[in-house]
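# Summary of structural features
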Amino acid sequence: MSKTDAPQHPRSAGGTQRLWSVDEHLADVLATVRPLEPIELQLLDAQGCVLVEDVTVPVALPPFDNSSMDGYAVRTADVQGASEEFPAVLTVIGDVAAGSGDLPTVGPGQAARIMTGAPLPPGAEAVVPVEWTDGGSGGGAASGMTPASESPEGAAGEVRVHRAAEARAHVRSRGSDVQAGDLALAAGTVLGPPQIALLAAIGRGTVRVRPRPRVVVLSTGSELVQPGEALTAGTIYDSNSFALAAAARDAGAIAYRVGAVADDADTLRSTIEDQLIRADLLVTTGGVSVGAYDVVKEALTAVSTGGGADGVDIDGAGIDFRKLAMQPGKPQGFGTIGPDHTPLLALPGNPVSCYVSFELFVRPAIRALMGLPASEVSRPSLRAVLEADKAIGSPAGRRQFLRGKYDAQNGTVSPVGGSGSHLIAALAHADSLMVVPEDVTSVEPGAEVEVILLG
């Protein structure tokens, strides 16, 4: 499968790192990631995938005129002027059930008992609902039909019709949904339940799509404990891998969460190598900064005695660790690894930094792997009025992303929680990110801000 082109990452002269902008980093990711190769899948396996070919309708839908009601198929002339006082009395010549092949012909003064979805029999011009008749009982208006298994004689005898019907009344015409040769679905369509239903309705058993990307998520840190286990001194629960796996699924991927890897470079390298076989994209969290135990950076970076650049090829990899002009999420890593140049995004370990980084960079990468157009890879954004008690400060030269609560009715957005990158509880109550540009250090209440919608 085509995943990436081997990246070529620009660096400043002398091997020193430069500060990347958010837009530059995202552009680098999207320029490297390539859509997965198309495959043929069974319908249910194709749910969530992107169609790679136009699908045309082979036969009209519905393929025949059929009844939209339970009732009686009649000729309009035979029920003209029918009323409660003077019902039209017709001879019932048989049943027409859904799936019927041999159909009775309705002649003058005749009617056929018909079920919803059943083909309109020859000679019939309309369907009168059973509620407009006596149901063949000889009494007043009926509320339903007696099941055929309990009353086979209901398909014979007489029926009294108390209302007239116009031609084609309660008849679903052949091709009224789609005609043979019509475009059913265009290439680029994401296949959800309604699209799967349409494909099945026109007889498609398989469809050619780009598969959902397989995303492997790894948390790093010897302090991380699996939820459900007991905490000991100095340990915390691993939340990042769960957040990232859930976010990857939400983006359209198949997510595989790997248990937290301890702070050991060899162990991490071995784990990554083991996971390559099932990964279209690898995402790590933690260990990308400048600390003594930043294991991701250590595992994927060669030590240069000449003080060279941080990025290096390892086993077919080219991982570049860089600093971005953003808050939160300044330290980031990106590149490819393994013989297939599988893309790897290394995210910070702080929960909010990790999640914001996913939304800005990993989600677009997943959507690009799916084959979606550039206009659909990132979350939608809009402008909203800041509703706050005081001005919001932002560091100069950094694009800040703050958690917010968006009010669509009033066109306003309010901050949720503080700016700390560890405040995961506030993140759980946010539905958007407020964006403060690099050249803005303060946003006053009532000012307009960009808002990225997360839901």
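First, a word on scope: everything that follows refers to the structure included in this document. Please read all numbers here as calculations on a predicted model, not as lab measurements.

On to the overall build of the protein. Helix and strand counts for the protein come out as eight helices and 29 strands. The buried share among the 455 residues of the protein stands at 45%. Considering only residue pairs separated by 6 or more positions, the protein has 71% of its internal contacts joining residues 24 or more positions apart. Accessible area of the protein: about 20,400 Å², with a carbon and sulfur share of 51%.

The nonpolar side chains of a soluble globular protein tend to be buried with one another. Membership of the largest hydrophobic core comes to 43 residues, with the highest contact counts inside it found for Leu-281, Leu-345 and Ile-366. Elements represented by at least two residues in this core include exactly helix H1 (22-32), strand E14 (214-220), helix H4 (240-251), strand E18 (281-285), strand E22 (342-347), helix H7 (351-370) and strand E27 (432-436). At 13 residues, H7 tops the list of elements feeding residues into this core. Every residue in contact with Ile-366, bar those within four places of it in the chain, is listed here: Pro-213, Val-215, Ala-248, Ala-251, Ala-253, Leu-281 and Phe-358. Formed by 20 residues, the second largest nonpolar core is a distinct cluster that contains Val-216, Leu-276, Ile-319 and Phe-321.

Across the sheet, seven strands lie side by side as E1-E19-E21-E22-E18-E14-E17; this open sheet has mixed pairing. Only two strands of the sheet have a single partner each, and these edge strands are strand E1 (19-20) and strand E17 (254-261). Two elements, E14 and E18, share five bridges in a ladder whose sense is parallel. Bridged to Val-217 within E18 is Val-283. Of the strands in this sheet, E14, E18, strand E19 (318-324), strand E21 (331-337) and E22 are in contact with H7, which crosses E22 at around 170°.

About the thresholds
Residues numbered from 1 in each chain as written. Predicted model: local features only at pLDDT ≥ 70, side-chain atom pairs only at ≥ 80, totals over all residues. Heavy atoms only, no water. Helix = DSSP H or I, 4+ residues; strand = E, 2+ residues; numbered from the N terminus. Buried < 20%, exposed > 50% of the residue type's maximum accessible area, 1.4 Å probe, protein only. Contact = heavy atoms within 4.5 Å. Areas by Shrake-Rupley, 256 points an atom, 1.4 Å probe, with all protein chains shown as cover. Core = buried A, V, L, I, M, F, W, Y, C linked by side-chain atoms within 4.5 Å. Pairing = 2+ DSSP bridges. Axes fitted to C-alpha atoms, helices over the stretch in contact; angles between N-to-C directions.

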